Amino acid sequence: MKVRLDIERTPTGVRVVATGDYVDTIETTLVPRERIGKFVADLILDRVYLKNAQIIVNGATAFEAFDAEQDFDELVRLIQAA
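Worth saying up front: this structure is predicted, and the values here are computed from it rather than measured.

The rules behind these values
Counting starts from 1 at the beginning of each chain's written sequence and moves along it residue by residue. In keeping with the predicted nature of the model, local features appear solely for residues at pLDDT of at least 70, side-chain atom pairs appear and are counted solely at 80 or more, and the whole-chain, interface and lining totals rest on all residues. Values reported for side chains reflect all heavy atoms of the structure, with hydrogen atoms and water molecules removed beforehand. The secondary structure listing takes helices from DSSP runs of H or I that are at least 4 residues long and strands from runs of E that are at least 2 residues long, numbered from the N terminus. Only C-alpha atoms enter the radius of gyration, while the globule expectation follows 2.2 Å times N to the 0.38, with N the number of residues. Using a 1.4 Å probe on the protein chains alone, a residue whose accessible area is under 20% of its type maximum counts as buried, one over 50% counts as exposed, and one in between counts as partly exposed. A contact between two residues is defined here by any heavy atoms of the two lying within 4.5 Å. Working definition of accessibility: Shrake-Rupley area with a 1.4 Å probe, residue cover restricted to the visible protein chains. Here Asp and Glu are counted as negative and Lys and Arg as positive; His is not counted, and neither are the chain ends. Each charge is placed at NZ for Lys, CZ for Arg, CG for Asp and CD for Glu. In this analysis, strands are considered paired if DSSP registers two or more bridges between them. Only the stretch in contact is used when a helix axis is fitted, and all axes are lines through C-alpha atoms; the angle between N-to-C directions ranges over 0 to 180 degrees. Buried Ala, Val, Leu, Ile, Met, Phe, Trp, Tyr and Cys residues that are joined via side-chain atoms within 4.5 Å together make up what is termed a nonpolar core.

1. Re the overall build of the chain
The secondary structure content of the chain amounts to two helices and five strands. The secondary structure elements of the chain, listed N-terminal to C-terminal, are β-β-β-α-β-β-α. Here the C-alpha atoms of the chain give a radius of gyration of 12 Å, agreeing with the 12 Å that 2.2 N^0.38 yields for 82 residues. Considering only C-alpha atoms, the chain reaches an extent of 35 × 20 × 20 Å along its principal axes. Taking all 82 residues of the chain together, 39% fall into the buried category. Of the contacts formed within the chain by residues at least 6 apart in sequence, a portion of 38% connects residues at least 24 apart. With the model as given, the accessible surface of the chain reaches about 4,800 Å², and the carbon-plus-sulfur share is 48%. Here the chain carries 10 positive and 14 negative side-chain charges, and the mean point of each set is 4 Å from the other.

2. Quick word on the sheet that holds strand 1 (residues 2–10)
Ordered by their spatial adjacency, five strands build an open sheet running 3-2-1-4-5, and the pairing between neighbours is mixed. Each having just a single partner strand, strand 3 (24–28) and strand 5 (60–63) make up the two edges of the open sheet. Put simply, the sheet's adjacent strands are angled 25 degrees from each other on average, direction ignored. With five bridges connecting them, strand 2 (residues 13–20) and strand 3 associate as antiparallel partners.

3. Comments concerning the pairing of strand 5
Note that strand 4 (residues 54–57) and strand 5 share three bridges and pair antiparallel. Across the sheet, the residue bridging to Ile 55 is Phe 63, located in strand 5. Connecting strand 4 to the next strand, strand 5, in antiparallel fashion are two residues, including Asn 58 with a positive phi near 50 degrees.

4. Here's the deal with unusual backbone geometry
Unlike most non-glycine residues, Asn 52 shows phi in positive territory, near 65 degrees. Not every positive phi belongs to a glycine, and Asn 58 is a case in point at roughly 50 degrees. The partly exposed category is assigned to Asn 58, whose relative accessible area is 38%.

5. Description of the nonpolar core
Counting residues in each nonpolar core, the largest one holds 23 residues, and the members touching the most others are Leu 5, Val 40, Leu 50, Ile 55 and Leu 75. Put simply, the parts of the chain that give this core at least two residues each are strand 1, strand 2, helix 1 (36–47), strand 4 and helix 2 (68–81).

This is the structure:
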């Protein structure tokens, strides 16, 4: 499975468009900026099973084979940095 996350900051929060075998748009204004990464990562993992998925964040391959137990904190950091 391949999941592409296009993340952009908005004036009031963040917008994430997830596409691939999974399609969704996550937009939030209620989460403080410093917690956005964890919020978005949790939402994605609640909606789709990503084991061994290739994850692309803003056009760059972030994970060739995602493992939620080992890679979750790194996914949060990548989302937060974007």
